[in-house]
Amino acid sequence: MSNAGFAEVKHVPVNQAVQDYLARSSSPPDPALSGLVDATLAVGEAAGMMVTVEQAALLTILTRLVGARTAVDIGTFTGLSALAIARGLAPGGRVVTCDVTDRWTDIARAHWERAGVADRIDFRLGSAARTLRSLPADTVVDLVFIDADKMNYPTYYEAVLPLLRPGGLLLADNVLLDGYVLDPELAEPGLPRRAAQTLRAFNATLAADDRFETVMLPIADGLTIARRR
């Protein structure tokens, strides 16, 4: 019997066993990256803001694939995403990473040094909007990774668009928001629900923007990859 006209739905729930298998089936992190992961886990509850090891590996690969020389990392935390992007930069490249707090900067800098990428990372303290406005007018960005306060994703999206070159990548993390984007009304009232509503609208806007080729991946809490046409 022909299956023409029928879409086959394939879905594997990503439970802990599958997560462990994914990790074992990927290139293992080196001591510098593993050390930063361990140091981040030691900070306590805030460690939930860290990108996963497989996301870090993907960031490095994508940065290499686009031959990025200039990247922007919105949301530094303990520096794992900046480290991953820095490793994929073309010779002479740099990543501008920003955060509204420098609470974890010492952890980040120590591990950037250990990984040998500190000279490629430019940390800016302050809001991402201000950081983006401070970049020279002729700045051309090859890759942007958004992983900061969810309410401002639309603002970041609009701010980086004029800087991103054709063929450049816009990456957005946490686009599934623990599944609450499917029905924001299930989220707790207040900021969690508003964040879910904002991300749902952001996801729809980006998917409909014909200036980008966009795909959302169910990796970690959802990662969108959008290529500027």
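Let me begin by describing the structure that accompanies this report. Everything numeric in this text was worked out from a predicted model, so none of it was measured.

### Some words on the pattern of salt bridges
- Within this structure, the stated rule accounts for 8 salt bridges.
- Here Arg124 and Asp122 are joined by a salt bridge, their closest N and O atoms 2.9 Å apart.
- Overall, Arg124 belongs to the partly exposed group, its relative accessible area being 23%.
- Overall, the relative accessible area of 22% leaves Asp122 in the partly exposed class.
- For Asp209, the salt bridge identified is with Arg211, shortest N-O distance 2.8 Å.

### Looking at the side chain of Ser81
- Looking at where Ser81 falls in the secondary structure, it is placed in helix α4 (residues 80-88).
- Contact partners of Ser81, with chain neighbours within four places excluded, come to Val51, Leu59, Asp73, Gly75 and Phe145.

### Observations concerning the nonpolar core
- Counting residues in hydrophobic clusters, the biggest one holds 35 residues, and the most contacted among them are Leu80, Ile85, Trp112, Leu143 and Leu171.
- Going through the elements one at a time, α2 (31-41), α3 (53-65), α4, α5 (105-115), β3 (121-125), β4 (141-146), β5 (164-173) and β7 (223-228) are the ones with two or more residues in this core.
- At 6 residues, the largest contribution of residues to this core is made by α4.
- Here Trp112 is in contact with Thr76, Gly79, Ala82, Leu83, Thr97, Val117, Ala118, Ile121 and Phe123, once residues within four sequence places are set aside.
- Membership of the second largest hydrophobic core comes to 31 residues, among which are Leu132, Val141, Ala148 and Leu163.

### Brief notes about the pairing of strand β2 (residues 94-99)
- Taking burial as the measure, the 6 residues of β2 include 5 buried ones, the bulk of the element.
- Relative to β2, strand β1 (residues 70-74) is paired through 5 bridges, and the arrangement is parallel. When the bridges of β2 are listed, Ile74 appears paired with Cys98.
- As paired strands, β2 and β3 are joined by 5 bridges and run parallel to one another. Among the inter-strand pairings, Val95 is bridged to a residue of β3, identified as Ile121.

The rules behind the values
Residues numbered from 1 in each chain as written. Predicted model: local features only at pLDDT ≥ 70, side-chain atom pairs only at ≥ 80, totals over all residues. Heavy atoms only, no water. Salt bridge = Lys/Arg side-chain N within 4 Å of Asp/Glu carboxyl O. Buried < 20%, exposed > 50% of the residue type's maximum accessible area, 1.4 Å probe, protein only. Helix = DSSP H or I, 4+ residues; strand = E, 2+ residues; numbered from the N terminus. Contact = heavy atoms within 4.5 Å. Core = buried A, V, L, I, M, F, W, Y, C linked by side-chain atoms within 4.5 Å. Pairing = 2+ DSSP bridges.

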